[in-house]
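The lines below spell out each chain.
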Amino acid sequence: MRLWSIHPQYLDRQGLLALWRESLLAQKVLAGETSGYRNHPQLERFRRHPEPMSAIGFYLYCVYQEAAGRGYHFAADKISVVQREVAPIEVSDGQIRFEFALLMDRLRTRDPERYQKVAGIREIEPHPIFRVVSGDVELWERQKPPVVSGPAGGGHKDI
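Quick look at the structure, then. (Residues numbered from 1 in each chain as written. Predicted model: local features only at pLDDT ≥ 70, side-chain atom pairs only at ≥ 80, totals over all residues. Heavy atoms only, no water.)

### Section: the overall build of the protein
Counting secondary structure elements, the protein contains five helices and two strands. When the helices and strands of the protein are read in sequence order from the N terminus, they spell out α-α-α-β-α-α-β. Taken over 159 residues, the protein has a buried fraction of 47%. For the protein, restricting intrachain contacts to residue pairs at least 6 apart in sequence, the fraction spanning at least 24 positions comes to 76%. Here the protein displays about 8400 Å² of accessible surface, and carbon together with sulfur accounts for 46% of that area. (Helix = DSSP H or I, 4+ residues; strand = E, 2+ residues; numbered from the N terminus. Buried < 20%, exposed > 50% of the residue type's maximum accessible area, 1.4 Å probe, protein only. Contact = heavy atoms within 4.5 Å. Areas by Shrake-Rupley, 256 points an atom, 1.4 Å probe, with all protein chains shown as cover.)

Following this line, the structure appears as structure tokens:
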């Protein structure tokens, strides 16, 4: 499960579809409707939110908006609590850079055209629920930072 901290605008079709499915699963986990993934580390930031279901609802709503803007037909009625504004969740700038580099690594082979489109991004926008603060990659990350060359990545030392 990956609940991207970066804005869904950067994701390719495959990534956006996966994010929708995984976010819906996260919503079920937070609602106590499934026994799997209950201890997934990425859910902790939503659990710590004063209103976890509103937070995941806003997260999903933003993914839905991105998909709708691209002409995809996601089922908005699957969002349990539709929120258009919630208190932000903090995310570190190190995490944002890590995730962008991870996405770029995936796009390089999966969608070279999209890779070229976002490769020049210098200021990475977070998903709208997140407020960026200074810091390193989150401790719950299990993956090693990918090596990405070019202006958006910069390799390990920038991550």
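From this point, the narrative continues.
### As for helix α3 (residues 52–69)
Structurally, the α-helix is built with 3.6 residues per turn, so residues lying three or four positions apart point the same way. In a regular helix each residue adds 1.5 Å, so 18 residues correspond to 26 Å; α3 covers 26 Å between its end C-alpha atoms and thus fits that length. Among all positions of α3, only S54, A55, I56, G57, F58, Y59, L60, Y61, C62, V63, E66 and A67 are buried. Lining the buried residues of α3 we find α1 (13–30), α2 (44–47), β1 (89–92) and β2 (130–133). Where α3 ends, the next residue or the one after it, G71, has phi of about 90°, a positive value. (Expected span 1.5 Å × (residues − 1).)

### Topic: the environment of I89
Checked against the element boundaries, I89 lands in strand β1. The exposure class assigned to I89 is buried, which follows from its relative accessible area of 7%. With 41 residues separating them in the primary sequence, I89 and F130 have C-alpha atoms 4.8 Å apart.

### A few points about the environment of P50
Secondary-structure assignment places P50 in the loop between α2 and α3. A relative accessible area of 69% means that P50 is categorised as exposed. P50 sits 39 residues away from I89 along the chain, and the two C-alpha atoms are 9.9 Å apart.

### Some points on the side chain of S23
Topologically, S23 is positioned in helix α1. Judged by its relative accessible area of 0%, S23 falls in the buried class. Excluding anything up to four places from it in sequence, S23 contacts L3, I56, Y59 and L60.

### Thoughts on the nonpolar core
Formed by 41 residues in total, the largest nonpolar core has its most connected members in W4, I6, F46, Y59 and I129. Listing elements by their share of this core, those giving two or more residues are α1, α3, β1, α4 (93–110) and α5 (112–118). Sorting elements by how many residues they give to this core places α3 first, with nine residues. Sequence-distant contacts of Y59, defined by excluding residues within four places in its chain, comprise L3, W4, L19, S23, F46, H127, I129 and F130. (Core = buried A, V, L, I, M, F, W, Y, C linked by side-chain atoms within 4.5 Å.)

### Considering α4
For α4, which comprises 18 residues, the first-to-last C-alpha distance of 25 Å matches the rise-based estimate of 26 Å (1.5 Å per residue) to within 8%. Residues G94, Q95, I96, F98, E99, F100, A101, L102, L103, M104 and L107 constitute the buried set of α4. Turning to α4, the residues buried within the fold contact α2, β1, α5 and β2.

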